[in-house]
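Fold and geometry: a report
Chain by chain, the residues run as shown.
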Amino acid sequence: MAFTDLREFLDAAVRTLGEGEVRKIDGASWDSEIGCVTEMMAEHGGPILLFDRITGYPAGFRVVSNFLMTPQRHALALGISPDLPRLELLRAWKERSKQLKPIPPTKVKDGPVTRNVMEGSAIDIERFPAPQWHKQDGGRYIGTGHMVITRDPDTGWVNMGTYRACIKSKDRLTLWMIEDRHGREMA
Ligand SMILES: Cc1cc2nc3c(=O)[nH]c(=O)nc-3n(C[C@H](O)[C@H](O)[C@H](O)COP(=O)(O)O)c2cc1C
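Keep in mind that this is a model prediction, so the values were computed, not measured. (Residues numbered from 1 in each chain as written. Predicted model: local features only at pLDDT ≥ 70, side-chain atom pairs only at ≥ 80, totals over all residues. Heavy atoms only, no water.)

1. Some details on the site of the ligand
For clarity, the cut-off: We call a residue near a molecule or strand whenever a single non-hydrogen atom of that residue lies within 4 Å of it. A 3.5 Å cut-off defines polar contacts: any pair of N or O atoms within that distance qualifies, except that in protein one atom must be a possible hydrogen donor and the other a possible acceptor, and neighbouring residues in sequence count only when both atoms are side-chain atoms. Areas reported as accessible are Shrake-Rupley estimates using a 1.4 Å probe. Residue values count occlusion only from the protein chains shown. Going along the chain from the N terminus, every DSSP run of H or I of four or more residues is numbered as a helix, and every run of E of two or more is numbered as a strand. Gly is put with the polar residues, along with every residue not named as nonpolar or charged; the nonpolar set is Ala, Val, Leu, Ile, Met, Phe, Trp, Tyr, Cys and Pro, and the charged set is Asp, Glu, Lys and Arg.
Around the ligand lies a shell of 13 residues, among which T162, Y163, R164, W176 and H182 are the nearest. Between the ligand and N159 there is a distance of 3.0 Å, counted from an oxygen atom to a side-chain nitrogen or oxygen. Here an oxygen atom of the ligand and a side-chain polar atom of H182 are 2.6 Å apart. Surface burial for the ligand is 65%, taken as the share of its 640 Å² of free accessible area covered by protein chains. Of the residues forming the shell around the ligand, the biggest block, 3 residues, is contributed by strand β6 (residues 158-161). Its residues assigned to classes, the shell around the ligand shows 5 nonpolar, 6 polar and 2 charged.

Encoded structure:
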């Protein structure tokens, strides 16, 4: 099964893994509360957490966490039976990953990703309830399990990596790119 977005994945998690798989939480604070509950639930193999009505933010500006925190959720995301024991899951993924074929991109005029665009002086990343995940984090990390796409200015080579992104101001982010990462080399 392929998912076109996170909402579909969350629906499938409830359908396939059970009603208790997604837990909705209203009224949590971005300031350590979301991070703390996420960490506690992660340690105990708890449900996917869907935070809404985050303190100081309008309803619908949601944060989801722990969505890949169990082997079953990984299996679901990768299209493998979540009923397999852990080691079998790993073997199934090893087999499947050998058969993966990259799909060439198709250019289209628009898509869901273009529905909400902020440009120039309208950019305001502080509109989003990015959590302070841990007390000693240097700020609020809006990007933790996302994809950063970079292009090498000299060769044109395009790379993708996950590098944590911290909000510094309404139009400025820092990326934590470890030394041997391609993104860092390009920078
Ligand atoms: C959830 C997640 C978070 C990650 N966070 C970081 C990060 O903050 N900084 C970093 O350098 N690598 C991070 N990584 C690892 C890199 O994304 C990974 O090594 C990737 O292969 C880097 O691509 P590159 O080698 O082409 O630069 C993370 C990986 C995952 C799965």
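2. Some details on helix α1 (residues 6-17)
Here is the rule we go by: In this scheme, a helix's expected span is set at 1.5 Å multiplied by one less than its residue total. Throughout this description, buried means an accessible area under 20% of the type-specific maximum (1.4 Å probe, protein chains only), exposed means over 50%, and partly exposed covers the range between. Directions drawn from the helix axis to the C-beta atoms are what define this arc. Contact between two residues is taken to exist if any of their heavy atoms lie within 4.5 Å; hydrogens are not considered.
With 12 residues, α1 ought to run about 16 Å at 1.5 Å a step, and its terminal C-alpha atoms sit 16 Å apart, in line with that. Looking only at α1, the buried set comprises F9, L10, A12 and A13. All buried residues of α1 project into a common sector of 165 degrees when viewed along the axis, lining one side. The exposed set on the far side of α1, more than 90 degrees from its buried face, consists of R7 and R15. Next to the buried residues of α1 lie β1 (22-26), β2 (48-52), β3 (63-65) and α3 (71-78). Measuring from the backbone nitrogen of R7 back to the side-chain oxygen at the start of α1 gives 3.2 Å, which picks out D5 as the cap. At the exit of α1 stands G18, carrying a positive phi of roughly 120 degrees.

3. Here's the deal with the sheet that holds strand β8 (residues 172-176)
Worth spelling out the cut-off: Strands pair, by our definition, only if DSSP identifies at least two bridges between them. With axes taken as lines fitted to C-alpha atoms, and helix axes fitted only over the stretch in contact, angles between N-to-C directions fall between 0 and 180 degrees.
The 3 strands are arranged β4-β7-β8 in an open sheet whose pairing can be described as antiparallel. Single-partner strands in this sheet number two, and they are β4 (140-143) and β8. Within the sheet, the average angular offset between the axes of one strand and its neighbour, ignoring direction, is 45 degrees.

4. A look at a nonpolar patch on the surface
Selection rule: For patch detection, residues must exceed 30% relative accessible area and be free of salt bridges, and they are connected within 9 Å for like charges or within 5 Å for nonpolar side chains (Val, Leu, Ile, Met, Phe, Trp, Tyr). One side-chain nitrogen of Lys or Arg within 4 Å of one carboxyl oxygen of Asp or Glu is enough to make a salt bridge.
A cluster of nonpolar side chains, M147, I149, V158 and M160, forms an exposed patch at the surface whose accessible area comes to about 420 Å². Along the chain, the position of V158 falls in strand β6.

5. Considering the packing of α1 against α3
Two numbers describe a pair of packed helices, the interaxial angle and the distance between the axes. Spelled out, the test is: By the definition adopted for this analysis, an angle is roughly parallel if under 35 degrees, roughly antiparallel if over 145, roughly perpendicular if from 65 to 115, and oblique otherwise. By the definition used in this description, the sense in which the near helix is turned from the far one sets the handedness, with an anticlockwise turn below a right angle giving left-handed and a clockwise turn giving right-handed.
Look at α1 against α3: their axes get within 11 Å of each other, and the N-to-C directions meet at 120 degrees. Our classification of the angle between α1 and α3 gives oblique. Taken as a pair, α1 and α3 cross one another with a handedness that is right-handed. Taking contact as the criterion, the partners of F9, A12, A13, T16 and L17 in α1 are, on α3, Q72, R73, L76 and A77. Among the residues making up the contact of α1 with α3, the classes are represented as 6 nonpolar, 2 polar and 1 charged.

6. Quick look at the domain arrangement of the protein chain
Interface extent is often summarised as the accessible area lost during association of the parts. Going by this rule: Note: domain ranges come from an automatic or database domain assignment. Put simply, buried area is the surface a 1.4 Å probe can reach on two separate parts but cannot reach once they are joined, added for both.
Each domain of the protein chain was delimited in the assignment, giving domain 1 (6-98) and domain 2 (125-186). Relative placement of domain 1 and domain 2: their C-alpha centres are 22 Å apart. Each partner contributes to the interface: domain 1 provides 13 residues, whereas domain 2 provides 10 residues. For the pairing of domain 1 and domain 2, the buried interface totals around 990 Å² over both sides, and the portion due to carbon and sulfur atoms is 64%. A per-residue breakdown of the area domain 1 buries against domain 2 is headed by W30, Y57 and F61, which together make up 53% of the total. Remark: the boundary between domain 1 and domain 2 carries 0 salt bridges. At the surface where domain 1 touches domain 2, the tally comes to 4 residue pairs in polar contact (both at pLDDT 80 or more). Breaking the side of domain 1 that touches domain 2 down by element, the ones donating at least two residues are α2 (33-43) and β3. Tallying contributions element by element places α2 first for the side of domain 1 that touches domain 2, with 5 residues. Tallied by class, the residues present in the side of domain 1 that touches domain 2 amount to 7 nonpolar, 4 polar and 2 charged.

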